[in-house]
Structures are given as structure tokens and as C-alpha cells.
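Spelled out from the first residue to the last, the chains are:
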Amino acid sequence: MPRFRQILDTMTAYKPGKAVTSADGRSYKLSSNESPYGPLPSVVEAIAEAAKEINRYPDPGAVKLTEAIARRFDVPAEHIALGAGSVTVAQQLFETVGEPGVEVVYAWRSFEAYPLLADLAGVTSVQVPLAGEDHDLDAMADAITDRTRMVFVCNPNNPTGTAVRRAELEAFLDRVPEDVLVVLDEAYREYVRDEDVPDGLTLYRDRPNVCVLRTFSKAYGLAGLRVGYLVGHEPVATAVRKTIVPFAVNHLAQVAAIASLEAEEELLERVERVVKERTRVREALIADGWKVPPTEANFVWLRLGERTLDFPVPCAEEGVAVRPFAGEGVRVSIGTPEENDAFLTAARNFRR
């Protein structure tokens, strides 16, 4: 019998969101925070043209995409590292610090991949409980020790949707030692409308120990192609690039991401539709008696505690798939108006 790492006996594999189908054939997948809209025609056209070249390996350095991101955000190309989705870039970050005895601090609950990535990298997770539904940045700063190498701040936070504002984030960053890397995980940045929630790219420039994670999976609608990126100072980006699997960002993903940046104005119109639906859904839930924290992401969070696993049942009857976290709550992505109406019907049925 082959011998494997002992950690594999105790760790839980990542569980992606599932789809369900109602008795009358409806299926609305609101469990994975995907964009409800497909890629724009110009992006589809670019992908189709690039498909003629998939007998060749992709550019391992993704030079054109790196340059496009650098132009879009006015950052040096040397500050950018790419990966197959921001979760893979996060894995690369864990690998850059992964040594026995190393600690990584993050809020909990937050992105469910963090514990998995920490275990795989052989580092110790230090999970700091949320204060209500928000990051407790004072407690996170207190949790930093001489063994801490990295801190994740998921902003907006997945799955609660809450966001850290500028003053408290800057105060936190001032407390973090210079040799501890702070990762601002901003997978949902494009959905933020609270002007007091800072763009991490405005913070990293003067702070060598701060970097920003972004993705093309959510607002840009490229979840199926897997492309994410990091922006950080050159030593950080260089370390992350060293851990990437060769050719990890495939040719179609590179081409689609570039085309999406070129069509960004049109894409962001779709994002605005999601934001308006987010407001409508949250207000409807509150009117029905639900407590829903303010959200700056493309989903809402319902804290249900022991009733969490009961909630997906009426949702499935309406054809709606949601994401439950046993004993805690349910995260529901914002979809099209039709999908959201089906979810609201399920939520009303549950309360009855």
C-alpha cells in the first residue's frame, strides 16, 4: 500500500457549489458566485479564433496578458503574477511561505479554500473568529506572532459579503510587522459600491508587504477558463511566479482575459445589473423579516445556525441551488431577475 502524507487523512477536500433541478425542470445555480451572464460576443469571437492554435503550448509568461493588466491598473508588469484562478495564486502564495512551524492568519469564517491550502502547504492555520459578520482586525493583529509569515484579508469577505473600510484596514496594516505578508483577497472588487471600502491597489503601492489578489472568474464571467492574478511589489510577485506550474494559464484563458479587459466598459454594465439585483434581493429579504448583512459582493448571506441544512430543501423545490455551511449559514449568489425571484419565493416559503 503506498504511503501518503498524514495530513490527507484528516483534511476535507474542497466542495464546489452544486446544481439542482425542480420537479418541473427549473435549474438555477446560485451556489458558486458565478456571473449569470456569458462572455461578451467579442470575447467569444477571440476565444474561437484562439482555439485554432491549441495544438501549441500557451505563452508560459503570459506576456501580453501581463502587459494588459499592467496598463489597465497602472502598475509595473514586474509587479504582476498570474495563476489558474485567484485560488491557485493563493496556493502559490502558501507555497512561498510553507515551512514547518510557519503560521498563516485569516478570519473565520472566510473563503473555504484557505484551510485546505494551508494544510497542503504544511503551515499552521490561525483562524480568528469574525466579529458578528465582519473581520475582527484588532484580534487578527493580536494573533500575529514571530511565527506568522502571512495574513489573508478577504475583502469583501466570502461568504458573508461584508467589507473592511479604509480607516480600519490602514490601522491594521500599520500594526502588521514588515516581514509579514498581507494578502488582500479582492475576488469581488468589481461589485463594491461603498466608497469607503478601499481599492487594495491604492494601498499596496507604499507598502512592500501588501499584495492584492484579483480574478477574471466573477465579474468578467470567465470562471470556466481559470485565470487570476496578483499585484504586489517585485520580490512578492517574483516569489509567486517561481511556484507556478508551467503553462498553468492556458492559451484560451489568456486571450479571453485580454479581450475582456478590452471590452471592460460593456462588461461592467452587466456588473451594474448584478449590483442592482443585489440591492433588490436584500431589500426584499429584509422586508420579509430576514436579517441580511450589508454585502459588497455578488451574493447575500443568511445566518441560520442549526437550521442551515434545512434551508436548501425549499430552495431545491424552486430549482434553486444555494451554498450551505453547516451550523452557520447559507450563501446565495445573485443571478438573473428570474433566478432571484425563484430564490425569494423559496425564502418566503421557508419562513412560513
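Report follows, based on the coordinates. (Residues numbered from 1 in each chain as written. Predicted model: local features only at pLDDT ≥ 70, side-chain atom pairs only at ≥ 80, totals over all residues. Heavy atoms only, no water.)

## A short note on the pattern of salt bridges
Side-chain pairing between opposite charges can occur once the charged atoms of the two side chains come close. This is how it is decided: Salt bridges are defined as contacts in which a side-chain nitrogen from Lys or Arg sits within 4 Å of a carboxyl oxygen from Asp or Glu. Secondary structure elements are taken from DSSP: a helix is a run of H or I of four residues or more, a strand is a run of E of two residues or more, and numbering for both begins at the N terminus. Accessibility here uses a 1.4 Å probe with only protein chains present; expressed as a share of the type maximum, an area under 20% marks a residue as buried, one over 50% as exposed, and anything in between as partly exposed.
Counted according to the given criterion, the structure contains 22 salt bridges. We note a salt bridge from R147 to E103, for which the minimum N-O separation is 3.0 Å. With R147 in the loop between α5 (137–142) and β5 (148–154) and E103 in strand β3 (residues 103–108), the pair connects residues that are 44 residues apart, well separated along the chain. Taking the relative accessible area as the measure of exposure, R147 reaches 42% and is therefore partly exposed. Between D138 and R175 there is a salt bridge, with the nearest N and O atoms lying 3.8 Å from each other. With D138 in helix α5 and R175 in helix α6 (residues 166–175), the pair connects residues that are 37 residues apart, well separated along the chain. Residue classification places D138 among the exposed positions, given a relative accessible area of 52%.

## Overview of unusual backbone geometry
Cis geometry is adopted by the peptide bond preceding R109, which originates at W108 and carries an omega value of 15°. Cis rather than trans, the peptide bond between N158 and P159 has omega equal to 25°. On the secondary structure map, P159 appears in the loop between β5 and α6.

## Considerations on the environment of Y220
Basically, it comes down to this: Polar contact criterion, stated in full: a pair of N or O atoms within 3.5 Å, where within protein one must be able to donate a hydrogen and the other to accept it, and residues adjacent in sequence count only if both atoms are side-chain atoms.
Looking at where Y220 falls in the secondary structure, it is placed in the loop between β7 (210–215) and β8 (228–231). With 37 residues separating them along the chain, Y220 and A257 place their C-alpha atoms 8.1 Å apart. A polar side-chain atom of Y220 sits 2.4 Å from a polar atom in the side chain of E264.

## Overview of the packing of aromatic side chains
Put simply, the test is: Here is the rule: rings of Phe, Tyr and Trp (six-membered ring for Trp) pair when centre to centre is within 6.5 Å. Planes less than 30 degrees apart are stacked, more than 60 are edge-to-face, and the remainder are tilted. We count a charge as sitting over a ring when the NZ of a lysine or the CZ of an arginine lies within 6 Å of the ring centre and within 35 degrees of the ring normal.
Under the counting rule described, the total for this entry stands at 15 aromatic pairs. Between F111 and Y114, the aromatic rings sit 5.5 Å apart at their centres with planes inclined by 85°, giving edge-to-face as the arrangement. Accessibility expressed as a relative area gives 0% for Y114, which makes it buried. Grouping aromatic residues by their ring pairs yields a cluster made of F94, Y106, W108, F111, Y114 and F152. The ring of F73 carries R214 above its face, with NZ or CZ at 5.6 Å from the centroid. Positioned above the aromatic ring of F299 is the side chain of R331, whose terminal nitrogen or guanidinium carbon lies 5.9 Å from the ring centre.

## Some points on the side chain of E328
Heads up, the rule is: Residue contacts follow a heavy-atom distance rule, with two residues in contact if any of their heavy atoms lie within 4.5 Å.
Within the element layout of this structure, E328 appears in the loop between β11 (323–325) and β12 (329–333). Separated by 2.8 Å, the side chains of E328 and R109 make a polar contact. When residues no more than four places from it in sequence are discounted, the contact partners of E328 are R109, W301, R303, L304, G305 and T308.

## Overview of the nonpolar core
Quick note on the threshold: The set of buried Ala, Val, Leu, Ile, Met, Phe, Trp, Tyr and Cys residues whose side-chain atoms join them within 4.5 Å is what this entry labels a nonpolar core.
Counting residues in each nonpolar core, the largest one holds 56 residues, and the members touching the most others are L65, I69, M140, V153, F172 and F216. Among the elements that make up this core, the one with the highest residue count is helix α9 (residues 251–262) (seven residues). The residues touching F216, leaving out its near neighbours within four places in the chain, are L65, I69, G221, L222, A223, V227, Y229, A257 and L261. Counting residues in hydrophobic clusters, the runner-up holds 33 residues, among them A297, L304, C315 and I334.

## Thoughts on the sheet that holds β12
To keep things clear, this is the line we draw: Any two strands with at least two DSSP-identified bridges between them are counted as paired. Interaxial angle, 0 to 180 degrees, is taken between N-to-C directions of lines fitted to C-alpha atoms, where a helix line uses only the stretch in contact.
An order of β9-β12-β11 is seen for the three strands of this open sheet, with the pairing classed as antiparallel. Two strands close off the open sheet at either side, each with one partner strand: β9 (299–303) and β11. Strand-to-strand, the axes of this sheet are offset by a mean angle of 20°, without reference to chain direction. Pairing of β9 with β12 involves five bridges; the strand directions are antiparallel. Residue pairing in the sheet places V300 in a bridge with V332 of β12.

Keep in mind these numbers describe shape, not what the thing actually does.
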